[in-house]
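Overview (structure and organization)
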Amino acid sequence: FATAEVSHPELFNKIGNHIAGLGCFDSFKPQELSNTVWAFATSGVPHPELFKKIGGHVARLGSLDSFKPQDLSNIAWSFATAGDSHSELFKKMGDHIADQETGGVI
């Protein structure tokens, strides 16, 4: 729906409520977390509770090594686009990125 630029707020709210209501996000792969917030940001349907819970989950992870750069980029873009500031999440991602080898770039 988001990629097709079809707005269906009722559908997104049901999906968001279901996902936000899950007790744990450990079964979600990094790309699934990234795709979820991307879809909501792209659709323009706000769901602050979902963003808070996904952001908190990612921020509490011991390591972000399982996240590909595209996953992190999509998450950052999604939170910024949705206007959802999550300082713990952005600090965690910033620290992770800063700690990475640059491979001669920069």
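Reference entry: report on the structure contained in this document. Computed from a prediction, not measured in an experiment: that's the story for all the values here.

Procedures and definitions
Residues numbered from 1 in each chain as written. Predicted model: local features only at pLDDT ≥ 70, side-chain atom pairs only at ≥ 80, totals over all residues. Heavy atoms only, no water. Helix = DSSP H or I, 4+ residues; strand = E, 2+ residues; numbered from the N terminus. Rg over C-alpha atoms; globule rule 2.2 N^0.38 Å. Contact = heavy atoms within 4.5 Å. Lys, Arg positive; Asp, Glu negative; His and termini not counted. Charge placed at Lys NZ, Arg CZ, Asp CG, Glu CD. Expected span 1.5 Å × (residues − 1). Buried < 20%, exposed > 50% of the residue type's maximum accessible area, 1.4 Å probe, protein only. Phe/Tyr/Trp six-rings, centres within 6.5 Å; stacked < 30°, edge-to-face > 60°. Axes fitted to C-alpha atoms, helices over the stretch in contact; angles between N-to-C directions. Parallel < 35°, antiparallel > 145°, perpendicular 65-115°, else oblique. Left-handed = near helix turned anticlockwise from the far one by under 90°. Nonpolar A, V, L, I, M, F, W, Y, C, P; charged D, E, K, R; others polar.

Quick look at the overall build of the protein chain now. Check the secondary structure of the protein chain and you find five helices and zero strands. Beginning at the N terminus, the succession of helices and strands in the protein chain can be written as α-α-α-α-α. Computed over C-alpha atoms, the radius of gyration of the protein chain comes to 14 Å, within 12% of the 13 Å expected from 2.2 N^0.38 for 106 residues, which places it in the range of a compact globule. Its C-alpha atoms put the protein chain at 45 × 30 × 20 Å along the principal axes. For the protein chain, the share of sequence-separated contacts (at least 6 apart) that also reach a separation of at least 24 residues comes to 70%. Both charge centroids of the protein chain, one from 8 positive and one from 12 negative side chains, sit 6 Å from each other.

Attention shifts here to helix α3 (residues 48-60). Here α3 is 13 residues long and its end C-alpha atoms lie 18 Å apart, about the 18 Å a rise of 1.5 Å per residue gives. Residues of α3 that are buried: Leu50, Phe51, Ile54, Gly55, Gly56, His57, Val58 and Ala59. Tucked into the core, α3 has its buried residues touching α1 (9-21), α2 (30-43), α4 (69-81) and α5 (87-99).

Two aromatic rings, taken as a pair, are described by how far apart their centres are and by the angle between their planes. Taken as a whole and judged by the stated rule, the model has three aromatic pairs. Arranged with centres 5.1 Å apart and planes meeting at 90°, the rings of Phe12 and Phe40 form a pair that is edge-to-face. On the criterion of sequence distance, the pair formed by Phe12 in helix α1 and Phe40 in helix α2 is long-range, its members being 28 residues apart. Taking 4.8 Å as the distance between ring centres and 65° as the angle between the ring planes, the aromatic pair formed by Phe51 and Phe79 counts as edge-to-face. Residue Phe51 is located in helix α3, and its partner Phe79 is located in helix α4; the two are separated by 28 residues in the primary sequence. Residue Phe79 is classed as buried on the basis of its relative accessible area, which comes to 0%.

This paragraph deals with the environment of Gly94. Within the fold, Gly94 resides in helix α5. It is 9.7 Å that separates the C-alpha atoms of Gly94 and Leu72, two residues lying 22 residues apart in sequence.

In contact at an axis separation of 11 Å, α2 and α3 are set at 150° when each is read in the N-to-C sense. Between α2 and α3, the crossing angle belongs to the class labelled roughly antiparallel. Like other packed secondary-structure pairs, α2 and α3 cross with a definite hand, here left-handed. On α3, the residues that touch Leu33, Thr36, Val37, Phe40 and Ala41 of α2 are Leu50, Phe51, Ile54, His57 and Val58. Its residues placed into classes, the contact of α2 with α3 shows eight nonpolar, two polar and no charged.

Fair warning: the whole summary comes from geometry, so function is off the table for now.
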